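One-letter residues, chain by chain:
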Amino acid sequence: MNRYNSDNNFKRQEIMALAITDATFDEVVLKSDKPVMVDFWAAWCGPCRMVGPIIDQISEEYAGKVVVGKVDVDANQEFAAKYGVRNIPTVLVFHNGEVVGKQVGVAPKQTYADSLDALL
């Protein structure tokens, strides 16, 4: 998606991953009719800051085909506990409400893309 800024220069507008909370997890993730990638992260986590931009890129590249979101585990602990997230970053892939993929720690972008491509 592109937009002009105030100087009429072409400026790219990035699509960011959706912020998911304990209150929205069921509706956004478990009831989705599309595959869902969820990044469990925290602001103080260095490796999480490395994975974050990758997840945002995945969100942009798979827009319309996949739901991509992030759960801040400090503010939303219910589903992190339910799915046994003990280390962050942990990225879970859901399909039809079930976990079908898991990546703990930092991985190359292609690793995340491959887990989604297998479901599309």
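Residues numbered from 1 in each chain as written. Predicted model: local features only at pLDDT ≥ 70, side-chain atom pairs only at ≥ 80, totals over all residues. Heavy atoms only, no water.

**Things to note about the pattern of salt bridges**
Stage number 1. All chains considered together, the criterion is met by four salt bridges.
Stage number 2. Across the salt bridge formed by Glu 27 and Lys 31, the nearest N and O atoms sit 3.9 Å from each other. Just as Glu 27 is exposed, Lys 31 falls in that class too.
Stage number 3. With its nearest N and O atoms 2.4 Å apart, the salt bridge here joins Lys 109 to Glu 61. (Salt bridge = Lys/Arg side-chain N within 4 Å of Asp/Glu carboxyl O. Buried < 20%, exposed > 50% of the residue type's maximum accessible area, 1.4 Å probe, protein only.)

**Focus: the packing of helix α2 (residues 46-61) against helix α4 (residues 109-117)**
Stage number 1. Remark: α2 packs on α4, axes separated minimally by 10 Å, with the N-to-C direction vectors making an angle of 40°. As summarised for this structure, α2 and α4 are arranged oblique, according to the angle between their axes. As α2 runs across α4, the sense of the crossing is right-handed. Within the contact between the two elements, α2 uses Val 51, Ile 54, Ile 55, Gln 57, Ile 58 and Glu 61 and α4 uses Lys 109, Tyr 112, Ala 113 and Leu 116.
Stage number 2. Across the contact of α2 with α4, the residue classes tally to seven nonpolar, one polar and two charged. (Axes fitted to C-alpha atoms, helices over the stretch in contact; angles between N-to-C directions. Helix = DSSP H or I, 4+ residues; strand = E, 2+ residues; numbered from the N terminus. Parallel < 35°, antiparallel > 145°, perpendicular 65-115°, else oblique. Left-handed = near helix turned anticlockwise from the far one by under 90°. Contact = heavy atoms within 4.5 Å. Nonpolar A, V, L, I, M, F, W, Y, C, P; charged D, E, K, R; others polar.)

**Re the packing of aromatic side chains**
Stage number 1. In total, this model carries five aromatic pairs according to the counting rule given.
Stage number 2. When the centroid spacing of 4.1 Å and the interplanar angle of 15° are considered together, the rings of Phe 25 and Phe 79 count as stacked. Remark: Phe 79 occurs in helix α3 (residues 78-82) and Phe 25 occurs in helix α1 (residues 22-30); sequence separation between them is 54 residues. One exposure class covers both Phe 25 and Phe 79, and it is buried.
Stage number 3. Aromatic side chains Phe 25 and Tyr 83 sit 6.0 Å apart centroid to centroid with 35° between the ring planes, which places their arrangement in the tilted category. Of this pair, Phe 25 sits in helix α1 while Tyr 83 sits in the loop between α3 and β6 (90-95); the two residues are 58 residues apart in sequence, bridging distant segments of the chain. By the burial criterion, Phe 25 is buried, and Tyr 83 matches it. (Phe/Tyr/Trp six-rings, centres within 6.5 Å; stacked < 30°, edge-to-face > 60°.)

**Regarding the state of the cysteines**
Stage number 1. Per the counting criterion, the structure on display carries one disulfide.
Stage number 2. A sulfur-sulfur separation of 2.4 Å characterises the disulfide bridge that pairs Cys 45 with Cys 48. With the S-S bond torsion at 80°, the cross-link from Cys 45 to Cys 48 turns out right-handed.
Stage number 3. The class of Cys 45 is buried, set by a relative accessible area of 4%. (Disulfide = S-S within 2.5 Å.)

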